[in-house]
Amino acid sequence: MHPLTLAWRNVTRNHRRSLLTGGILAFGFASFTLAAGFMAQSFQGLRDNTIRSGLGHLQFADARAFTQSEDTPLQFGLKNADLIMARIAQDPAVRVVLPRLEFMGLIATAARSVPFVGVGVDPAAEKIGTDIPSTISTGTWLDSDARALVLGTGLARTLNVAVGDGVTLLATTPDGTLNAVDAVVAGLADIHFKELNDRYLAAPITLAQELLDAAGTVSKISVVLHDTGRETETAQRLSAALGGNLAVRTWEELAQFYNQVKMLYIGIFGFMGIVLMVVVFLAAINTTLMTVTERTREIGTLRALGARPRVVLTNFVLEGAVLGLTASAAGALLSLLISAVLNASAIEMPPPPGATRGIPIHVQFFALAYVGATLAMTVAAVVASYFPARRATRISIVEALTHV
């Protein structure tokens, strides 16, 4: 009889112990893959949100802008930005180019004035390359109206303004003079991060350039690609084509928050995974020890019939491998079922720190986690079978046959 066939028969023969041990392994498998799927989805969602927040896959700016702070507005601004953007847009990997002019100042009504953190954008390009237009809760996103503004709901609440109200923007130009322009609130955006929501202002880039008296100048140029993962090769190609003082950074180099959250998640889930594996292993070795103890007389009989200790030990190890693989298959089905239920439930998780809105729970299918969990559960079952069986095969045949 083939050793694997014998191992399968022994597993099914001791169905009570096998179900108990297999249930522990299947539960451990499902827990591991569900946690990994949730973590993978969190990373992907955080990555996509980071890229589509306006950061883009790539960001071009004056080399000094990435290492120094500006002493005056647009000290490191890019002049003749239209020519640079036209060259970038010709690259086949580029989906859309997002000019950005960052500025600060005061927004005023007849009753009060409040500091704001503003960004001048191309309204049409933002609809393609960012998720910011989808955050509009009242009114509309920016359009061809050069005097329209979008405010964060927190900033609008502080100013006590609504859609259609007129406001005045005041800011310091690069030469140090104070300039002001009038505008109309076109929409209110519910920005996820409260601190930004309380200061956020978006304006057409032409209006921002008029306010700063900086026609044709931008702070930086963000680039959204067709495919995530091609940032490095595209950055090298565009850098060679553009040359000059223009520097480029990928989103991973600029997204400090993403990198910190990723490392935190890896630490948390890594620790949880280690604890889970220890618990599964201890539970599996406990049930396996009871199984081997109950079969001590069987081991003595096999040895009395001439079976070597190594052969008996190999049989128990094969039983552990068969049980581990079977439990992994059951755990995979359980994990997929739970994932489908959770993904269809539309359960919303609480807002993360600093955010104003929760996110729906979603568990991604992460193939590598299923492979790793199968390997981990099989190894746990094999190791849990090896040590009790090794101990049992070392006792004398007479003692094994008389074991009660």
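For the structure, check the block above.
What comes next is a walk through the structure. (Residues numbered from 1 in each chain as written. Predicted model: local features only at pLDDT ≥ 70, side-chain atom pairs only at ≥ 80, totals over all residues. Heavy atoms only, no water.)

Some thoughts on the overall build of the chain
Just so we agree on the cut-off: Where helices and strands are cited, they refer to DSSP runs of H or I of at least four residues and of E of at least two residues respectively, numbered from the N terminus. Using C-alpha atoms as the atom set, the radius of gyration is obtained and then compared with a globule rule of 2.2 Å times the number of residues to the power 0.38. Using a 1.4 Å probe on the protein chains alone, a residue whose accessible area is under 20% of its type maximum counts as buried, one over 50% counts as exposed, and one in between counts as partly exposed. Residue contacts are defined here by distance: any two heavy atoms, one from each residue, within 4.5 Å place the two residues in contact. In this count, Lys and Arg are taken as positive residues and Asp and Glu as negative ones, while His and the chain termini are left out. By convention, charge coordinates are those of NZ in Lys, CZ in Arg, CG in Asp, or CD in Glu.
Counting its secondary structure elements, the chain contains 14 helices and twelve strands. Here the chain has a C-alpha radius of gyration of 32 Å; the compact-globule value for 404 residues is 22 Å, and the former is much larger. Its C-alpha atoms give the chain principal-axis dimensions of roughly 100 × 50 × 30 Å. Expressed as a percentage of its 404 residues, the buried residues of the chain come to 44%. Considering only contacts within the chain whose residues lie at least 6 apart along the sequence, 78% involve residues at least 24 apart. On the chain, the mean spot of the 31 positive side-chain charges and the mean spot of the 30 negative ones are 19 Å from each other.

A look at the environment of Thr153
For clarity, the cut-off: We call two N or O atoms a polar contact when they sit within 3.5 Å, provided that within protein one can donate a hydrogen and the other can accept it, with sequence-adjacent residues counted only if both atoms are side-chain atoms.
By the element assignment, Thr153 lies in helix H5 (residues 153-159). Given a relative accessible area of 16%, Thr153 falls into the buried group. Separated by 35 residues in the primary sequence, Thr153 and Leu188 place their C-alpha atoms 5.5 Å from one another. With residues up to four places along the chain from it excluded, the contact list for Thr153 reads Ser137, Leu188, Ala189, Asp190 and Asn197. Side chain to side chain, Thr153 and Asn197 meet in a polar contact 2.8 Å long.

Quick notes on the nonpolar core
Filter applied, for reference: Nonpolar cores were defined as sets of buried Ala, Val, Leu, Ile, Met, Phe, Trp, Tyr and Cys residues, with membership established by side-chain atoms within 4.5 Å.
Membership of the largest hydrophobic core comes to 44 residues, with the highest contact counts inside it found for Phe60, Ile88, Ile107, Leu149, Leu151, Leu201 and Ile221. Once you skip the residues sitting within four places of it in the chain, Leu151 turns out to touch Ile107, Ala156, Leu159, Val161, Val185, Gly187, Leu188, Ala189, Tyr200 and Leu201.

A closer look at the pattern of salt bridges
Applied cut-off: The working definition used for a salt bridge is a side-chain nitrogen of Lys or Arg within 4 Å of a carboxyl oxygen of Asp or Glu.
Counted by the stated rule, this structure contains ten salt bridges. Salt-bridge contacts for Glu126 lead to Arg100; the nearest nitrogen and oxygen are separated by 2.6 Å. Of this pair, Glu126 sits in helix H4 (residues 123-129) while Arg100 sits in strand E2 (residues 94-108), and the two are 26 residues apart along the sequence. Assigned by exposure class, Glu126 and Arg100 land together as buried.

Things to note about the pairing of strand E9 (residues 220-225)
What counts here: For two strands to be treated as a pair, DSSP must find at least two bridges joining them.
The element E9 is largely enclosed, with a buried count of six among its six residues. Residue alternation in E9 divides its side chains into two sets, Lys220, Ser222 and Val224 and Ile221, Val223 and Leu225, and both sets are buried. With three bridges connecting them, strand E1 (residues 58-62) and E9 associate as antiparallel partners. Following the sheet pairing, Gln59 is matched in E9 by Ser222. In this sheet, E9 lies alongside E2 in antiparallel orientation, the contact comprising six bridges. Opposite Pro99, over in E9, you have Ile221 as the bridge partner.

Observations regarding the packing of aromatic side chains
For clarity, the cut-off: Classification of ring pairs uses Phe, Tyr and Trp, with its six-membered ring standing for Trp, and accepts pairs whose centres are within 6.5 Å; under 30 degrees between planes counts as stacked, over 60 as edge-to-face, and the remaining range as tilted.
Using the criterion set out here, one finds seven aromatic pairs in the structure. Consider the rings of Phe29 and Tyr370, whose centres lie 5.8 Å apart with planes at 70 degrees: the pair is edge-to-face. Here Phe29, found in helix H2 (residues 15-55), pairs with Tyr370, found in helix H13 (residues 367-393); they are 341 residues apart in sequence, far enough to count as distant. For the pair Phe29 and Tyr370, one class covers both residues: buried. Considering the side-chain rings of Trp251 and Tyr258, the 4.9 Å spacing of their centres and the 70 degrees angle between planes classify their relative orientation as edge-to-face. Tyr258 carries the same exposure label as Trp251, and that label is buried. Members of the aromatic cluster, each reached through a chain of ring pairs, are Phe38, Phe43, Tyr265 and Phe269.

Remarks on helix H8 (residues 231-242)
Which entries qualify depends on this criterion: A helix's residues, less one, multiplied by 1.5 Å, set its expected span. As used here, the arc belongs to the directions running from the helix axis to the C-beta atoms.
Spanning twelve residues, H8 covers 16 Å between terminal C-alpha atoms, matching the ideal 16 Å at 1.5 Å per step. Taken residue by residue, H8 has Glu231, Thr234, Ala235 and Leu238 as its buried positions. Down the axis of H8, the buried set is contained in an arc of 100 degrees. They therefore lie on one face. Along H8, exposed side chains directed more than 90 degrees from the buried face belong to Thr232, Gln236 and Ala240. On its buried face, H8 is in contact with E1, helix H3 (81-89), E2, E9, strand E10 (246-250) and helix H9 (251-254). Gly243 lies just past H8 and shows a positive phi near 60 degrees.

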